[in-house]
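# Observations on chain architecture
Here's the letter readout for the chains.
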Amino acid sequence: MSELAGRVAVVTGGASGLGEGLVRRFVAEGAQVMIGDVDKDRGTALAEELGAHTEFLTTDVADQEQVAALVSAGVERFGGLHVMVNNAGVSGTMHRRFLDDDLADFHKVMGVNVLGVMAGTREAARYMADNGGGSILNLTSIGGIQAGGGVMTYRASKAAVIQFTKSAAIELAHHEIRVNAIAPGNIRTAIVAKSASEEDRQRIEEFEANIRAQMRADRPLKREGTVEDVAEAALYFATDRSRYVTGTVLPIDGGTVAGKVIVRKEKR
């Protein structure tokens, strides 16, 4: 349990959900982790729980100056930066159909999901380029790979993260900086419900339950994905196991992106 011993990581959106899972796994593997999140209470509590290996800084990744401050704080506090995880994300409001979407949250979603990833990559790469390279991991979604209905701005933002990740991987390779992405799917988190209005929460939870049931029936692996499944993949990209891997997008989705299960009737 020491694959990240001596390494320093910055994780945005690290106070809860997938980000918290990554922080916990990185610390368990010996890393020192700088946590950035808008949720001061949960971020502070997590850092206090995990002790001297972590520190928290309130960070809105849609603000480039705050992202720069987070990276600088991590370097100053722990003496370097080896792994940058751009995890912070929001889903936006779910509408029954796109024709009803007023796009009121477009700038917020793009600011967090795209600008936040780009700023985090840039700030980490500026340090890594002068200090022997490193690994940058961006969190996208299978919603950015497969077309589908609902949360259209979210889908567009996650598709943008994929294209940016591959482009950044090409440009930064000569600095020995690897840039990869993980595309989770079917992982239960509170991102959609948390962003919804109170009156829509029950409807969204019911909708999500129906969608999950349908996706479970269609995908090859029937069990639900967990935060730990994503953390395992993040650990791979954070370590030297992936030293010859860059520009990759890895779905963690039980085979959803691969295709639907084909049910064959037995011949009599």
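Up top is the structure.
Just so we're clear, the structure is a prediction, and the values are computed from it rather than from any experiment.

### Considering the packing of aromatic side chains
Given two aromatic rings, their pairing is described by the distance between the two centres and the angle made by the two planes. Applying the stated criterion across every chain, the model contains one aromatic pair. For the pair Tyr236 and Phe237, a centre-to-centre distance of 5.1 Å together with 65° between the ring planes defines the contact as edge-to-face.

### Quick notes on the packing of helix H1 (residues 17-28) against helix H8 (residues 227-238)
The N-to-C vectors of H1 and H8 enclose an angle of 55°; their axes lie 9 Å apart at closest approach. Relative to H8, the element H1 is oriented oblique. You can see that H1 and H8 cross each other, and the crossing is right-handed. Contacts between H1 and H8 involve Gly17, Leu18, Gly21, Leu22, Arg25 and Phe26 on the former and, on the latter, Val227, Val230, Ala231, Glu232, Ala234, Leu235 and Ala238. Here the contact of H1 with H8 is built from residues that sort into nine nonpolar, two polar and two charged.

### Here's the deal with the pairing of strand S4 (residues 83-86)
Burial along S4 is two-sided: Val83 and Val85 facing one way and Met84 and Asn86 facing the other are all buried. By the bridge criterion, three bridges tie strand S1 (residues 8-12) to S4 in an arrangement that is parallel. If you follow Ala9 over to S4, its bridge partner there is Val83. Note: S4 against strand S5 (residues 134-139), four bridges, orientation parallel. Bridge pairing in S5 links Asn86 to Asn138. Taken together, S4, helix H4 (residues 106-128) and S5 form a β-α-β motif whose crossover is right-handed.

### Description of the nonpolar core
What tends to happen in soluble globular proteins is that the nonpolar side chains get buried as a cluster. Val23, Phe26, Val33, Val85, Leu137, Ile182 and Val230 are the most contacted members of the largest nonpolar core, which totals 31 residues. Looking at this core, the elements with two or more residues in it are S1, H1, strand S2 (32-37), helix H2 (40-50), S4, S5 and H8. In terms of residues, this core owes the most to one element, H8, which gives eight residues. Beyond its immediate chain neighbours, meaning those up to four positions away, Val33 contacts Ala9, Val11, Val23, Phe26, Val27, His53, Thr54, Glu55 and Phe78. One finds Leu81, Met84, Val117 and Ile177 within the second-largest nonpolar core, a separate group that totals 20 residues.

### Some points on the side chain of Thr239
Here Thr239 is to be found in the loop between H8 and strand S7 (249-252). The class for Thr239 is buried, based on a relative accessible area of 2%. Setting aside residues no more than four positions away along its own chain, Thr239 makes contact with Glu3, Leu4, Arg7 and Arg178.

### Topic: the pairing of strand S3 (residues 54-58)
Where a strand is regular, its side chains alternate between the two sheet faces. Relative to S3, S2 runs parallel, the two being bridged by five bridges. Within S3, the residue paired with Val33 across the bridge is Thr54. Crossover S2 to S3 through H2 is right-handed.

Definitions and limits used
- Residues numbered from 1 in each chain as written.
- Predicted model: local features only at pLDDT ≥ 70, side-chain atom pairs only at ≥ 80, totals over all residues.
- Heavy atoms only, no water.
- Phe/Tyr/Trp six-rings, centres within 6.5 Å; stacked < 30°, edge-to-face > 60°.
- Axes fitted to C-alpha atoms, helices over the stretch in contact; angles between N-to-C directions.
- Helix = DSSP H or I, 4+ residues; strand = E, 2+ residues; numbered from the N terminus.
- Parallel < 35°, antiparallel > 145°, perpendicular 65-115°, else oblique.
- Left-handed = near helix turned anticlockwise from the far one by under 90°.
- Contact = heavy atoms within 4.5 Å.
- Nonpolar A, V, L, I, M, F, W, Y, C, P; charged D, E, K, R; others polar.
- Buried < 20%, exposed > 50% of the residue type's maximum accessible area, 1.4 Å probe, protein only.
- Pairing = 2+ DSSP bridges.
- Right-handed = clockwise from strand over helix to strand, strands pointing away.
- Core = buried A, V, L, I, M, F, W, Y, C linked by side-chain atoms within 4.5 Å.

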